[in-house]
Amino acid sequence: SRMLKGIIPMTYCFFNKNNSIDIQAMRDQISLIKQLGSHGIACLGLATEVNKLNFSEKKKIIELVAGVSNDRLPIVVTISGNNINEYKKLIEVAQFYNARWIVFQPLLKKNTTDDDCFNFFNKIIPYVITNTLVGVQNAKEYIGVGLNPSQILKLYKKFNNFRAIKGEASATLIQTEIKKYPKNLQVFNERGGQEIIDNFLAVWSGIIPSLEGTDIFLKIYKLKQQKKIKEARRLYKKILPSIVYSMQSIDSLVCYGKRICAYRMGIKKIYDRKPGLIPTNFGIKLAKQFADDLGMFP
């Protein structure tokens, strides 16, 4: 079936000293996502620093993900751009590599309104072939604009491949929202795994976290399926300090969350691409501490 669920980590973007993409680190990361037993792999989201990548770099990342996953692991591609043509070109690349699910970020201009988001999604969804699942990023809390439930239902009725929403909200908010949607409209929530258990109890489909806690999220997911909620909560307590630390903002996630991930992977040196947070020695020390607490990836 086209439906996706579970833990689908979002790739980080690793850079070399000369500011190019570190292809080897990217390959290692993608292999790791597969080895951990993730339910899919996502790329080109905010954690991938997509706003700092040019078209050929975005294309390269989709290629790398597809190369390692070789149709075994469903691929989720988040698509954003500065204009509708950039979106169309990326849709072509994602479809060429058999992306299972394409998620659209809204096209953000200076005074984008909720209606602009709706009109844009309405215009862009028809460019996706009908057997590819389409989702939209609905992150009002982070980007200030988004769709209301009646707009979401309109898209659902109009396009029979629009069947997923990627949200960024609290478990209680998501739970209230889910009640308004048809059963086969899947809701994924992010925020780096915050409230993961409560989100699952709110009956949402899954989570697209950044990679550094994925092994633990996968264990939590299994425990939840076995109805071992107490044990799941115990594991959640282990990962929570790290989530709180890196999820202060998207900038902090790509600066420090990426470092926690890298240290757990055994990568010693991380290079940042501007613009972004400049890491402090104290911040790096904390990231190392969190990575130590979580241990090397299995």
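For the structure, check the block above.
Owing to the predicted nature of the structure, the values given are computational and were not obtained by experimental measurement.

Each value, and the rule that gives it
- Residues numbered from 1 in each chain as written.
- Predicted model: local features only at pLDDT ≥ 70, side-chain atom pairs only at ≥ 80, totals over all residues.
- Heavy atoms only, no water.
- Buried < 20%, exposed > 50% of the residue type's maximum accessible area, 1.4 Å probe, protein only.
- Helix = DSSP H or I, 4+ residues; strand = E, 2+ residues; numbered from the N terminus.
- Pairing = 2+ DSSP bridges.
- Axes fitted to C-alpha atoms, helices over the stretch in contact; angles between N-to-C directions.
- Parallel < 35°, antiparallel > 145°, perpendicular 65-115°, else oblique.
- Contact = heavy atoms within 4.5 Å.
- Disulfide = S-S within 2.5 Å.

Undergrad: A description of the pairing of strand β6 (residues 162-167) should follow, citing residues and the corresponding values.
TA: Looking along a regular strand, one sees the side chains alternate between the two faces of the sheet. Most of β6 is tucked away, with six of its six residues classed as buried. Inspection of the sheet shows strand β5 (residues 133-138) paired to β6 by five bridges, in the parallel sense. Looking at β6, one finds that Asn-138 is bridged to Gly-167. In the sheet, β6 pairs with strand β7 (residues 186-189) via four bridges, with the strands oriented parallel. Among the inter-strand pairings, Ala-164 is bridged to a residue of β7, identified as Gln-186.

Undergrad: Which residues make up the packing of helix α4 (residues 114-124) against helix α6 (residues 149-158), and what values do they have?
TA: Remark: α4 packs on α6, axes separated minimally by 11 Å, with the N-to-C direction vectors making an angle of 10°. The orientation of α4 with respect to α6, classified from their angle, is roughly parallel. Here Asp-114, Asp-115, Phe-118, Phe-121 and Asn-122 of α4 come into contact with α6, specifically with Gln-151, Lys-154, Leu-155 and Lys-158.

Undergrad: A description of the state of the cysteines should follow, citing residues and the corresponding values.
TA: Within the structure shown, the criterion is met by zero disulfides. Cys-43 forms no disulfide, and the closest cysteine sulfur to it belongs to Cys-13, at a distance of 10 Å. Cys-255 takes part in no disulfide bond, and the closest cysteine sulfur to it belongs to Cys-261, at a distance of 14 Å. Judged by relative accessible area, which is 1%, Cys-255 ranks as buried.

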